[in-house]
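Here is how the chains run, residue by residue.
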Amino acid sequence: MQIKKLRIDPQWQSRLESIGYGYHTTDGIPYWIDDYYYEINNREADLIYKATNELWQRCLDAVEYIIKNRQYAHFHIPPFVIPHIERSWEQDDPAIYGRFDFAYDADRGELKMLEFNADTPTSLFETGIVQWYWKNHYFPELTDQFNGIHEQLIQSWGALKPYLKGSTLHFSCAKETLEDLTNVEYLRDTALQAGIQTKLIYIDDIGWTGNGFVDLEDMPIRSIFKLYPWEWLVREAFGTHIVNDPNRAQWIEPSWKMLLSNKAILPVLWELFPNHPHLLASYFNGPAHLKHFVKKPILAREGANVAMYYDGQMIYHTEGEYGEEGYIYQELARLHREETGFSIIGSWVIGQESCGISFRESDMPITTDKSRFIPHIIRH
């Protein structure tokens, strides 16, 4: 795995905007990198594919264990929503997608799971569409990319279609969030291609009648995809409506995903599968034997409030508003580093299968919302 440079396309911004990609730059700083890329080989792609499928199964095992043994104490989940989580799991409520974040040590050939964005992962549009167009622009010859996301989404929606409640699948995110809206509209487009009738409504505009949820035209909401975190929903009045909904609207992602999107899943996985080759040692209540470790709030997002320790001394930390809910302690991983920065691999699981990857790059060894998106190719 290595960085390769390109001659910059002076029209790169307008080229991206022509396919509906409007957040390639933030405050004048590129988020999307067009003039260099990661090149991986078939062996590395195969390693990521197998590790993603393996960890997805281990995560499902962990959810089963938590629910069966009622191991909710560390997850900071309001007790009133636990029956909803359990019911969504027992009914096998469908899930569409998730993104594992991996650290890759090329020298050792090791791929380690940093965390699992199981509820509201973003960067799907740039992974599935933008980097595919990027590849075809710079590499019109037969060059591979680890990217079957678009096809897998359509196939997964098609498989889910018979199990949807009602005739329309609503799609939702918060207002004035261009990145979230772009991802939601992309997902909605793939659902349309699978033959599903869809409708967009912002989270802010969802109504509650006392007998169920409705959209702005008073149409009942029976099935809804939401790009909005469960941990936020359940701390709003909205959350009690979900639990008390007599129509039991179908939410995608389902509420059992709350257990996997929570950092508390990391010590649970380590307890269930100690020394697993793709897991990092992780603990509650302190770093245990670890000399080099990362301290993460269990509900933090986008790298906020993360502290990094080496030989027990803090060497780097990020600011934020999380931490009151508690922390986990995870073995410090070796991140891949190039002259351009530190990188992690985002590996997507859609419809129960690994189907595509993305790279995020940072100047410092903690990935945040400011980290850059780097496209990739597979070189045979």
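Residues numbered from 1 in each chain as written. Predicted model: local features only at pLDDT ≥ 70, side-chain atom pairs only at ≥ 80, totals over all residues. Heavy atoms only, no water.

### Section: the sheet that holds strand β1 (residues 2–5)
- Spatially, 3 strands are ordered β1-β4-β22 in an open sheet, and the strand pairing comes out mixed. Only two strands of the sheet have a single neighbouring strand rather than two, namely β1 and β22 (376–378). Geometrically, the sheet is characterised by an average inter-axis angle of 35° between neighbouring strands, direction not taken into account.
- Two elements, β1 and strand β4 (residues 36–40), share 4 bridges in a ladder whose sense is antiparallel. Each residue of the ladder has a partner; that of Lys5, found in β4, is Tyr36. (Pairing = 2+ DSSP bridges. Helix = DSSP H or I, 4+ residues; strand = E, 2+ residues; numbered from the N terminus. Axes fitted to C-alpha atoms, helices over the stretch in contact; angles between N-to-C directions.)

### Overview of the packing of aromatic side chains
- Applying the stated rule across the entire model yields 29 aromatic pairs.
- Centre to centre, the rings of Tyr21 and Phe125 are 6.2 Å apart; their planes meet at 50°, and the pair counts as tilted. Here Phe125 lies in helix α4 (residues 124–138) and Tyr21 lies in the loop between α1 (12–17) and β2 (25–26), a separation of 104 residues in the sequence. This pair shows no difference in class: Tyr21 is buried, exactly as Phe125 is.
- Taking the centre distance of 6.0 Å and the plane angle of 85° together, the rings of Phe238 and Trp251 count as edge-to-face. Of this pair, Phe238 sits in helix α8 (residues 237–244) while Trp251 sits in strand β12 (residues 250–252), and the two are 13 residues apart along the sequence.
- Residue Phe238 is classed as buried on the basis of its relative accessible area of 12%.
- Residue Trp251 is classed as buried on the basis of its relative accessible area, which comes to 4%.
- Over the ring of Tyr327 we find Lys295, and its NZ or CZ is 4.3 Å from the ring centre. (Phe/Tyr/Trp six-rings, centres within 6.5 Å; stacked < 30°, edge-to-face > 60°. Buried < 20%, exposed > 50% of the residue type's maximum accessible area, 1.4 Å probe, protein only. Lys NZ or Arg CZ within 6 Å of the ring centre and 35° of its normal.)

### As for empty space enclosed by the protein
- Per the stated rule, a full pass over the model turns up 1 cavity of 30 Å³ or more.
- Taken together, Trp56, Ala95, Ile96, Tyr97, Gly98, Lys257, Val349, Ile350, Gly351 and Gln352 make up the lining of the largest cavity. (1 Å grid on protein atoms, 1.4 Å probe; cavity = no way out; pocket = protein on both sides within 12 Å on 5 of 7 lines; lining within 4 Å. Points joined across faces, edges and corners; volume = space filled by probe spheres on them.)

### Quick look at the layout of surface pockets
- If you add up the space inside the second largest pocket, you get close to 340 Å³.
- Residue lining of the second largest pocket: 17 residues in total, with Asp92, Pro94, Ala95, Gly351 and Gln352 positioned closest to the centre.
- Those elements giving two or more residues to the lining of the second largest pocket turn out to be α2 (42–69) and α5 (149–160).
- If one sorts the elements of the lining of the second largest pocket by residue count, α5 sits on top with 5 residues.
- Tallied by class, residues from the lining of the second largest pocket come to 10 nonpolar, 5 polar and 2 charged. (Nonpolar A, V, L, I, M, F, W, Y, C, P; charged D, E, K, R; others polar.)

### Some details on the pattern of salt bridges
- What the rule picks out here adds up to 23 salt bridges.
- Asp34 is the salt-bridge partner of Arg15, the closest N and O atoms lying 2.6 Å from each other. Of this pair, Arg15 sits in helix α1 while Asp34 sits in the loop between β3 (29–30) and β4; the two residues are 19 residues apart in sequence, bridging distant segments of the chain.
- Under the relative-accessibility criterion, Arg15 is labelled buried at 17%.
- When its relative accessible area of 2% is taken as the criterion, Asp34 is described as buried.
- Lys226 is the partner of Asp119 in a salt bridge, and the nearest nitrogen-oxygen pair spans 2.6 Å. Linking Asp119 in the loop between β6 (110–117) and α4 with Lys226 in strand β11 (residues 223–227), this pair joins segments that are 107 residues apart in sequence.
- Here the salt bridges share partners, and the residues they tie into one network are Asp105, Asp107, Arg108 and Arg334. (Salt bridge = Lys/Arg side-chain N within 4 Å of Asp/Glu carboxyl O.)

In short, shape yes, function no, at least from these values alone.
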